[in-house]
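Architecture at a glance
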Amino acid sequence: DAKTTQPPSMDCAEGRAANLPCNHSTISGNEYVYWYRQIHSQGPQYIIHGLKNNETNEMASLIITEDRKSSTLILPHATLRDTAVYYCIVRPLNTGNQFYFGTGTSLTVIP
Amino acid sequence: DVKVTQSSRYLVKRTGEKVFLECVQDMDHENMFWYRQDPGLGLRLIYFSYDVKMKEKGDIPEGYSVSREKKERFSLILESASTNQTSMYLCASSSPPSGGTNEQFFGPGTRLTVL
């Protein structure tokens with residue numbers, strides 16, 4: 001699986017958009033970009049995934065650059081409950097194998 | 001909604017004890033996983049299973065074993081607990097690779113302390 005690089009921590013004001021970057025310069029053509037988050041003392045929670053097109057769901061938007069070497073997770077209106085560690089993972093869709101979670105980005109939403 | 005439950009949220013055991021961590025999922029998922037999470041190391045895979053009675057080693061299987069006698073239940077066993085097995089243990093399940101998003105659904109975790 002391709003390695004990802006994320007900033008260790010970020011702050012965001014409540015109500016503003018939180019933009020979390022991820023670099024995955026060695027991503028392969030068949031690898032998807034997944035985002036999970038982990039709120040303190042809970043298990044990781046799936047947020048969104050994509051291949052090359054931008055994706056949006058009720059939780060977030062995922063913007064993938066045209067060369068697919070980086071992506072950004074956008075939480076459009078951050079709330080205090082979005083304070084969590086966010087993990088960016090790249091892996092092929094058609095595999096039952098594990099997700100390789102790195103150390104992620106610790107996002108703190110400030111009132 | 002998919003639900004993955006783990007038998008205990010917090011557990012304290014003594015060195016040398018045999019420890020059982022239980023995980024149950026209610027969505028008929030074929031795949032189940034056991035991870036441990038330690039500060040600065042992220043999640044590391046211990047064992048996983050694609051089917052009943054089937055198991056595969058992950059990245060750090062030493063000191064652990066698993067059991068999958070029923071599809072919905074995946075047990076992690078510490079044969080002789082040691083202090084370096086003090087950690088957060090997370091169970092996950094997922095649908096087969098051919099369907100769905102292949103996302104993994106996680107349980108709440110068990111924080112195990114070995115004294």
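Each remark here, short or long, concerns the structure printed above.
Attention here is on the structure that accompanies the text. (Residues numbered from 1 in each chain as written. Chains lettered and ligands numbered in written order. Predicted model: local features only at pLDDT ≥ 70, side-chain atom pairs only at ≥ 80, totals over all residues. Heavy atoms only, no water.)

Here's the deal with the state of the cysteines
Applicable threshold: For the purposes of this analysis, a disulfide is any pair of cysteine sulfur atoms at a distance within 2.5 Å. Starting at the N terminus, helices and strands are each numbered in turn, a helix being any DSSP run of H or I of at least four residues and a strand any DSSP run of E of at least two.
Enumeration according to the criterion identifies two disulfides over all chains in this entry. Covalent S-S linkage joins A:C22 and A:C88, the inter-sulfur distance amounting to 2.1 Å. Negative torsions about the S-S bond denote left-handed disulfides, and the value of about -80° found for A:C22 with A:C88 makes this one left-handed. Remark: A:C88 occurs in strand 8 (residues 84–92) and A:C22 occurs in strand 2 (residues 18–23); sequence separation between them is 66 residues. Note that B:C23 is cross-linked by a disulfide to B:C91, the S-S spacing being 1.9 Å.

Here we look at the sheet that holds strand 2 of chain A
Stated formally: A pair of strands is considered paired only if DSSP assigns at least 2 bridges between the two.
The strand order 2-7-6-5 (chain A) describes an open sheet built from four strands, whose pairing is antiparallel. The open sheet is flanked by strand 2 and strand 5 (55–56) of chain A, the only strands paired with a single partner.

Describing the pairing of strand 5 (residues 42–49) of chain B
Residues and elements named next belong to chain B. Note the cut-off: Buried, partly exposed and exposed residues are distinguished by accessible area as a fraction of the type maximum, computed with a 1.4 Å probe on protein chains only: under 20%, between the cut-offs, and over 50%, respectively.
The element strand 5 is largely enclosed, with a buried count of seven among its eight residues. As defined by bridge partners, strand 4 (residues 31–38) adjoins strand 5 across seven bridges and the pair is classed as antiparallel. Bridging from a neighbouring strand, Y35 pairs with L45 of strand 5. Between the antiparallel neighbours strand 4 and strand 5 lie three residues, among them G40 with a positive phi of about 80°. Of the pairings in the sheet, the one linking strand 5 to strand 6 (residues 56–57) comprises two bridges and is antiparallel in character. Pairing of F48 across the sheet is with E56, part of strand 6. Counting the residues that bridge the hairpin from strand 5 to strand 6 gives six residues, and of these K53 lies at a positive phi of roughly 65°.

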